[in-house]
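As a plain string of letters, each chain reads:
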Amino acid sequence: MELAKAYDPKEAETNHYSRWEDGGYFAPEINENTEAETFSIVIPPPNVTGSLHMGHALQHTLMDTLTRWKRMQGYKTLFLVGVDHAGISTQLMVTRQLKKEEHKTPQDIGRKAFTEKVWEWKNKYGGEITRQMRKEGLSVDWSRERFTMEESLSKAVLSVFVRLYEEDLIYRGTRIVNWCPKDKTVLSDLEVKEEKAKEGKLYYLKYPVLKSSGLESVAKDEQGTRNSELLSTATGGSVTYVTVATTRPETMLGDTAVAVNPDDERYNHLIGNTVLLPLTNRKIPVIADDYVESAFGTGAVKITPAHDPNDWEIGERHNLVKLVVMNDDATMNEAAGADFTGLDRYAAREKVVEKFEELGLLEKIEDYDLTLPHCERCKTVIEPLLSEQWFVKMDEMRDLALKQMRDENSPRFFPEIPHKKVYTNWLENLKSWTISRQLWWGHRIPAWYDAEGNVYVARSKEEAAAKAGTQNLTQDEDVLDTWFSSALWPFSTLGWSTSEPPALAGGLTQAEDLRQTEWDKQSSKNQPAHAGGSDNRSDLDTFYPTDVLVTGRDIIRLWVSRMVMMGIKFIGGKPFDDVIIHGTVLDKNGQRMSKTKNNGIDPLDVFEKFGVDATRMALAGSATGVDFAWRDEKVESFRNFANKIWNATRFCLMNSEGATVNTDSINLSKEGLHRYLGDSVPLPSLADRWIISRLNKTVKSVNFALETYQFHEAVQLLYHFFWDDFCDWYIEFVKDEIVGTQAPLPAANGGGRLGACVPARTRILTILEQALRMLHPFMPFLTEELWQKLPGTSNGLHNTAYRSAGKTIMLADFPKPDETMIDEAAESEMSAVIELITKVRNIRAEMNITPVERFTVHIAADNATQVVFATNEPQILKLARAEKLIIGDDLEVPMASAKAVTANAEIAVPLEGLIDFDKERERLNGQIFKLNVELERLNAQLSNSDFVNKAPEEKVKDLRERAAEIVQQTNTLNQNVEALR
RNA sequence: GCCGACUUAGCUCAGUGGUAGAGCACUCGCUUCACACGCGAUAGGCCACAAGUUCGAAUCUUGUAGUCGGCACCA
């Protein structure tokens, strides 16, 4: 079989995915071993509106690598995927489309029609990211794909909402909330980002004080005469002011008090007095509250309880009127006064300032740095607004999550520092969560109101009607925050929905009872594993808790914590054991990628340029949890790696006649080795023993790396094993044997030229096949493409758990490391040979001897080493490009020789007429110098009695040995230098 | 303001209480029959700075500087 000269990823990437998917290879049911342990991952659902970005690609790579690895190890494996409905984003997108295509607003067509539009949009465009996931090669079980708005997940939302309400953990209340005037909905704290305001100003406004007789003036108005007409009537002629500082003058229209610190001597005589609020002619009290810091601003604060969270609290404490002066689009309403009604908040601000100036009540304006809350999505400045919303009390669930962390250190974060702390700190300070959203796209709040405004929360209108005793009910207009449904994802996707309404009357309202009943009832059902939409528990029983959640830093608060809380609360246990927090992919300048900076890198472009497998390797090859700057060069190096694998396979296939992969050897145990070496073959060569040892060590280390989520470590190990060990040394070592240039075997032994090379071909194919399996979780397409072409894999499923599946590497056994095949003797012998070859090559390069030139290499070494070199003479000759080896106890060479020392041997290459004595001396002296530097350091340590006495014996011994070795090598090199004189 | 992370070869990054590592780039030499997306051989770092703990610190502690995050914000 002849392969193309270079690897073209496109072919492999189109060849296999649909076969895997159609064959059901991704579904856990492919595993027929009823005893198999399970492994499960649920994807943190991306937005239905989203398309793939680098963060996804990284996250997906890690999840898929783990999944494929575990699946090959025989675990019953589920990688569950889906998207969330992304309430605001989706609604905005469809609203824009509606406007563009039909010039209508959602209100024009009504809630029902609009919701239908969104579904249409979802069905038409919502699959973008899932298509991209297929391109990435993700081994997700598409038959279990989930969507937060689908029936079973919606039922789960209903169940959770109703139960939390029944337990008084969900309540409706009027609070200051984060209001986005553009999206016209409330937002949770997590959807709000504090950002520096472009130009912050602090405005000092003067409010005239009424009833000031008998009191000291606070701030005499120097120009009091000009505006005295308005004020004098109220103040009886003598105008005194209190000056407040504000960044938002327009809110003064909603002021209902001025507050000062009770201990502030400048003001405490004013407490209890009244201020005339300019522009409104409203009389408002001066109150005392500790919240006010005397040192800041003027020490007097205007209080707008309906438009500032802190002011609201003061308002609560002092029973102040909470006057809302804005509409939901941040224009001023009628309560702001006729002059301002309908003005945008910023226009109103200007006008207020103007008027104050006209009235001479504007003391000054200062520049002022401040940060303002912005809508994470549309960047609009958030308006704190008094509004009636639904909230979840988090205290109880928070405590459960914190207890779990304290008692079980669960979930385990990778890396633990600093994420564990971020998680617990956030939980500790957790406040109520605003869950209602003023949208039409989402799970509508299951609350109904009767004519009197009484609220009935139930799973259905019928149930609510039964509670209310009337059919005359209207449902709450709002929907739930998308994250409410996402928080349930780890179990709602596994079939939990408790769709049955609980008994309405007594007994079952207790949380524990309800859970027990639901659990028992559902567990007894024996439905097909993933009958979509139906309520079944078998997936939940099998796969919950999931093994690991892979996600980004910002998601710890958004999800990890909420999923944990909901999981503990509703399933009675954590949703996942481990949480991998991956790093952020930055652009090549180390900047965060963002739309505004337009520095994003599209993973699909990278796939196109370098291939999916190379991209996956580049992503997995970055340390877990650490941010890294994206470099095309890095992917390029893995593109090259893919090509290397391709070509190594190509070479093996070009020389595979008569041989097959030994599929019987599930691992490379001694028995397996014997099977493929056969009786007619001599003992395994050094190179064979060595590569098998290296292979086993690599498998062992890769397993360990993956178990501890050190993906980059696994990538390094695989890269090094395949390229350096397998290609650079093993292939080169056995090349002649494989190609068949050595003597034919006698007929009695299978005979002929081919017979002589078949065992070597079998060995290399078998090792190559093991390597491909090891690489498969990282590079699924390339390895499948090549594996399919290897002779002997056609009947080759190696994992009996998958016996009814077709031919695929993804269901082959992941190599199992065998300690007995780790051969330290082979490794050290091979090191000696490699060092010898490298030194000779070095002489050639340093002496400028052309590659064509052949020379004799003299070697002096101990007996054991002599045997090693003699045994591997043909390979040494070839790789060192030497003509002849003369191996003995001593070197007997002419003066005109280049020399070198290794750990085990002395080397000389006679170069009569070719050698430049000065250059050779320089070369040797260079080596001596380096050794001396090391020796000095060693001697310094060894002559330190503290070190010798206190350091571990082993360490001292190592250093002594190394020092002795250096002394010996230096002596030899010095003699060599002398010999050149 | 509080908290955290990072600072290692030209670049991007690993690493670890006991002789500094990789990939890429650089230099030199190769159309060696799998691969120039390659082969071979070099070169390159007082591991940010300072102090401490230790026989020994790039690694642990503290401080300083710079970079980047997160959180909280006083009108």
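Residues numbered from 1 in each chain as written. Chains lettered and ligands numbered in written order. Predicted model: local features only at pLDDT ≥ 70, side-chain atom pairs only at ≥ 80, totals over all residues. Heavy atoms only, no water.

**A closer look at the protein's contact with RNA strand B**
Then, number 1: Close to RNA strand B lie 56 residues; N310, T371, A629, N647 and E934 are nearest.
Then, number 2: At 2.7 Å from a sugar or linking oxygen of RNA strand B is found a side-chain nitrogen or oxygen belonging to R650.
Then, number 3: The dominant element in the surface near RNA strand B, judged by the number of residues it contributes, is helix α21 (residues 632–654), at eleven residues.
Then, number 4: In the surface near RNA strand B, the residues fall into 21 nonpolar, 13 polar and 22 charged. (Near = heavy atom within 4 Å. Polar contact = N/O pair within 3.5 Å; in protein donor to acceptor, adjacent residues only side chain to side chain. Helix = DSSP H or I, 4+ residues; strand = E, 2+ residues; numbered from the N terminus. Nonpolar A, V, L, I, M, F, W, Y, C, P; charged D, E, K, R; others polar.)

**Overview of the state of the cysteines**
Then, number 1: Under the criterion given, the structure shown has zero disulfides.
Then, number 2: Its sulfur unpaired, C378 is 3.5 Å from the next cysteine sulfur, which belongs to C180.
Then, number 3: Judged by its relative accessible area of 19%, C378 is buried. (Disulfide = S-S within 2.5 Å. Buried < 20%, exposed > 50% of the residue type's maximum accessible area, 1.4 Å probe, protein only.)

**Section: unusual backbone geometry**
Then, number 1: The step from F414 to P415 runs through a cis peptide bond, and the omega angle for that step is -10 degrees.
Then, number 2: Counting through the fold element by element, P415 comes out in the loop between β17 (412–414) and α12 (416–428).
Then, number 3: Following I417, the chain continues into P418 via a peptide bond in cis, with omega recorded as 5 degrees.
Then, number 4: With respect to the element layout, P418 can be found in helix α12.
Then, number 5: Located in the positive-phi region is A86, a residue other than glycine, with phi close to 45 degrees.
Then, number 6: Inspection of the secondary structure puts A86 in the loop between β3 (82–83) and α4 (87–102).
Then, number 7: On the basis of relative accessible area, A86 is assigned to the buried category, the value being 5%.
Then, number 8: Its identity as a non-glycine residue notwithstanding, K184 has a phi of 55 degrees, on the positive side.
Then, number 9: In this structure, K184 sits in the loop between β5 (170–180) and β6 (185–187).
Then, number 10: The class of K184 is partly exposed, set by a relative accessible area of 37%.

**Quick look at helix α20 (residues 612–620)**
Then, number 1: The buried fraction of α20 is high, at nine of nine residues.
Then, number 2: Regarding α20, the residues found buried are V612, D613, A614, T615, R616, M617, A618, L619 and A620.

**A few points about the nonpolar core**
Then, number 1: With 208 residues, the main nonpolar core has L164, F484, M566, F722 and F726 as its most contacted residues.
Then, number 2: In terms of residue count, the dominant contributor to this core is helix α24 (residues 711–739) (15 residues).
Then, number 3: Not counting chain neighbours up to four residues away, the residues in contact with F484 comprise V157, V160, F161, L164, I170, V392, W433, I435 and M566.
Then, number 4: With 35 residues, the next largest nonpolar core counts V209, V242, M252 and L385 among its residues. (Core = buried A, V, L, I, M, F, W, Y, C linked by side-chain atoms within 4.5 Å. Contact = heavy atoms within 4.5 Å.)

**A few points about the sheet that holds strand β25 (residues 576–582)**
Then, number 1: The strand order β17-β25-β24 describes an open sheet built from three strands, whose pairing is parallel. Bordering the open sheet on either side are β17 and β24 (546–552), each of which pairs with just one other strand. Between one strand axis and the next, the sheet turns through 20 degrees on average, direction left out of account.
Then, number 2: With six bridges joining them, β24 and β25 adopt parallel strand pairing. Across the sheet, the residue bridging to T546 is F576, located in β25. (Pairing = 2+ DSSP bridges. Axes fitted to C-alpha atoms, helices over the stretch in contact; angles between N-to-C directions.)

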